[in-house]
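# Observations on the three-dimensional arrangement
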Amino acid sequence: MGMKSQTCIGKSSGKPLTEYDSQREAQEGADHVRSAYGRKMSPYQCDTCGQWHLGAENRQTPSTKCPVCTGTDGKPKETYRNESEAQRRADILRKEQGAELRVYSCEKGHGWHLTKGYSGKFSNKKSRR
Ligand SMILES: [Zn+2]
Ligand SMILES: [Zn+2]
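What comes next concerns the included structure.

Rules used in this analysis
- Residues numbered from 1 in each chain as written.
- Chains lettered and ligands numbered in written order.
- Predicted model: local features only at pLDDT ≥ 70, side-chain atom pairs only at ≥ 80, totals over all residues.
- Heavy atoms only, no water.
- Donors = N, O, S within 2.8 Å, 3.2 Å for Na, K, Ca; no water.
- Tetrahedral: all angles 85-135°; square planar, octahedral: opposite > 155°, others 65-115°.
- Buried < 20%, exposed > 50% of the residue type's maximum accessible area, 1.4 Å probe, protein only.
- Helix = DSSP H or I, 4+ residues; strand = E, 2+ residues; numbered from the N terminus.
- Expected span 1.5 Å × (residues − 1).
- Arc of directions from axis to C-beta.
- Contact = heavy atoms within 4.5 Å.
- Pairing = 2+ DSSP bridges.

### Thoughts on the coordination of the zinc ion (ligand 1)
- The coordination sphere of the zinc ion (ligand 1) contains the protein donors Cys8 (SG), Cys46 (SG), Cys49 (SG) and His53 (NE2), at a distance range of 2.1 to 2.4 Å.
- One way to put it: the four donor atoms around the zinc ion (ligand 1) meet at angles of 101 to 114 degrees, and that makes the site tetrahedral.
- Linear spacing of the donor residues for the zinc ion (ligand 1) on their chain is C-x37-C-x2-C-x3-H.
- The exposure class assigned to cysteine 46 is buried, which follows from its relative accessible area of 10%.

This is the structure:
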């Protein structure tokens, strides 16, 4: 069974995370949450405590750095493995930051990237609240 963590607090909930000894236990916990609450969670191993916690699945958008593409800030662009993960990240950023992001496939074939606005030309036109 999962125990409440003494060390780790959920970023969004502010409550202690549930910790599990193994990925298998965490997966069972995730299955329980899914059947009981209809929420999709996935296990991840914590950097802080080394135990396993459950994270909301839709926040997990694994990305790597593109070896060839750089953004406007000169840093390597984030690369997503497929279009749906890139789109999911874009949706999260839109909700959290109001950023309008477009998904496109890397010209050099290194997965999928996000870019601001439409081909970068109309990105100055921002609607403010
Ligand atoms: Zn932890
Ligand atoms: Zn690229």
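### Some details on the coordination of the zinc ion (ligand 2)
- Donor atoms from the polypeptide that coordinate the zinc ion (ligand 2) comprise Cys66 (SG), Cys69 (SG), Cys106 (SG) and His113 (NE2), at 2.1 to 2.3 Å from the metal.
- Coordination of the zinc ion (ligand 2) draws on donor residues from a single chain, spaced C-x2-C-x36-C-x6-H in sequence. A residue pair is termed long-range when its members are at least 10 positions apart, and cysteine 69 in strand β5 (residues 63-70) and histidine 113 in strand β8 (residues 112-116) qualify at 44 residues. Both residues of the pair, cysteine 69 and histidine 113, belong to the buried class.

### A look at helix α1 (residues 23-37)
- Helix length check: α1, at 15 residues, gives a terminal C-alpha distance of 20 Å against a target of 21 Å (1.5 Å per residue), a fit within 8%.
- For α1, the set of buried residues is Ala26, Gly29, Ala30 and Val33. An end-on view of α1 places all buried positions within 100 degrees of arc, on one side of the element. Relative to its buried face, α1 has exposed residues pointing more than 90 degrees away, namely Arg24 and Ser35.
- Residues of α1 that are buried in the fold lie against β3 (41-45) and β4 (52-56).
- Looking at the residues trailing α1, positive phi occurs at glycine 38, about 70 degrees.

### A closer look at the pairing of β5
- Bridge analysis of β5 against strand β6 (residues 76-80) gives four bridges, and the strand direction is antiparallel. Across the sheet, threonine 70 pairs through a bridge with proline 76, a residue of β6.
- In this structure, the hairpin formed by β5 and β6 is closed by a connection of five residues, where glycine 74 is found at a positive phi of approximately 85 degrees.

### Some remarks on the pairing of β3
- Two strands pair when backbone bridges link them, and β3 and β4 are joined in this way by five bridges, in the antiparallel orientation. Note on β4: the bridge partner recorded for tyrosine 44 is histidine 53.
- Between the end of β3 and the start of β4, which pair antiparallel, lie six residues, with glycine 50 showing a positive phi angle near 80 degrees.

Any functional reading would require information beyond the geometric quantities listed.
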